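Structural characterization, general
This is what each chain is made of:
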Amino acid sequence: MTTEVLDNPSSSRFEITVDGDLAGWVDYRVDGDVYALPHTRVLPAFEGRGIGSQLIVGALEQISERGGQVLPYCPFVPKVIRDHPEHLDLVPVAERPTFGL
């Protein structure tokens, strides 16, 4: 199984593909260097395989490479950040309590 996370700026979302097929996405709204992540979706055929976590980690890595910050409004994103604390620094310190981080 080959996965890839790519930014699709025309749809304002990071998408994950599995063996070339769209498997899910996380929507974003960007204001300067701050990415608000309101919603994550994994298509039913790909659920239960950790695709959502791979998607979020891939999106966070790309945001980090851009020097961005994250507001993880989607409840799934803070869970992934707790599982991958190396990405905690992407969430502004003052905003962390809002997201349980």
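This text gives an overview of the structure that appears in the document. In this text, all values refer to a predicted model and were calculated from it rather than measured experimentally. (Residues numbered from 1 in each chain as written. Predicted model: local features only at pLDDT ≥ 70, side-chain atom pairs only at ≥ 80, totals over all residues. Heavy atoms only, no water.)

**Overview of the sheet that holds strand S4 (residues 29-31)**
Across the sheet, three strands lie side by side as S4-S5-S7; this open sheet has mixed pairing. Both outer strands of the open sheet, S4 and strand S7 (69-71), are each paired with one neighbouring strand and no more. Between one strand axis and the next, the sheet turns by 25° as a mean value, whatever way the strands run. Summarising the sheet, strand S5 (residues 34-36) and S7 pair through three bridges and their orientation is parallel. Residue pairing across strands places Tyr35 opposite Val70, the latter belonging to S7. (Pairing = 2+ DSSP bridges. Helix = DSSP H or I, 4+ residues; strand = E, 2+ residues; numbered from the N terminus. Axes fitted to C-alpha atoms, helices over the stretch in contact; angles between N-to-C directions.)

**A word on the environment of Leu22**
One can find Leu22 in strand S3 (residues 21-27). Its relative accessible area of 32% is what places Leu22 among the partly exposed residues. Sequence separation between Leu22 and Pro75 is 53 residues; the distance between their C-alpha atoms is 22 Å. If we skip the residues at most four places from it in the chain, Leu22 touches Arg13, Glu15, Ile16, Thr17, Leu43 and Phe46. (Buried < 20%, exposed > 50% of the residue type's maximum accessible area, 1.4 Å probe, protein only. Contact = heavy atoms within 4.5 Å.)

**Focus: the pattern of salt bridges**
Across all of its chains, the model carries three salt bridges by this definition. Across the pair Lys79 and Asp83 runs a salt bridge whose closest N-O atoms are separated by 3.0 Å. Of this pair, Lys79 and Asp83 both sit in helix H2 (residues 76-83), four residues apart, which is roughly one turn of the helix. Looking at Lys79, the relative accessible area reads 40%, which means it is partly exposed. (Salt bridge = Lys/Arg side-chain N within 4 Å of Asp/Glu carboxyl O.)

Don't take any of this as a statement about function, it's just geometry.
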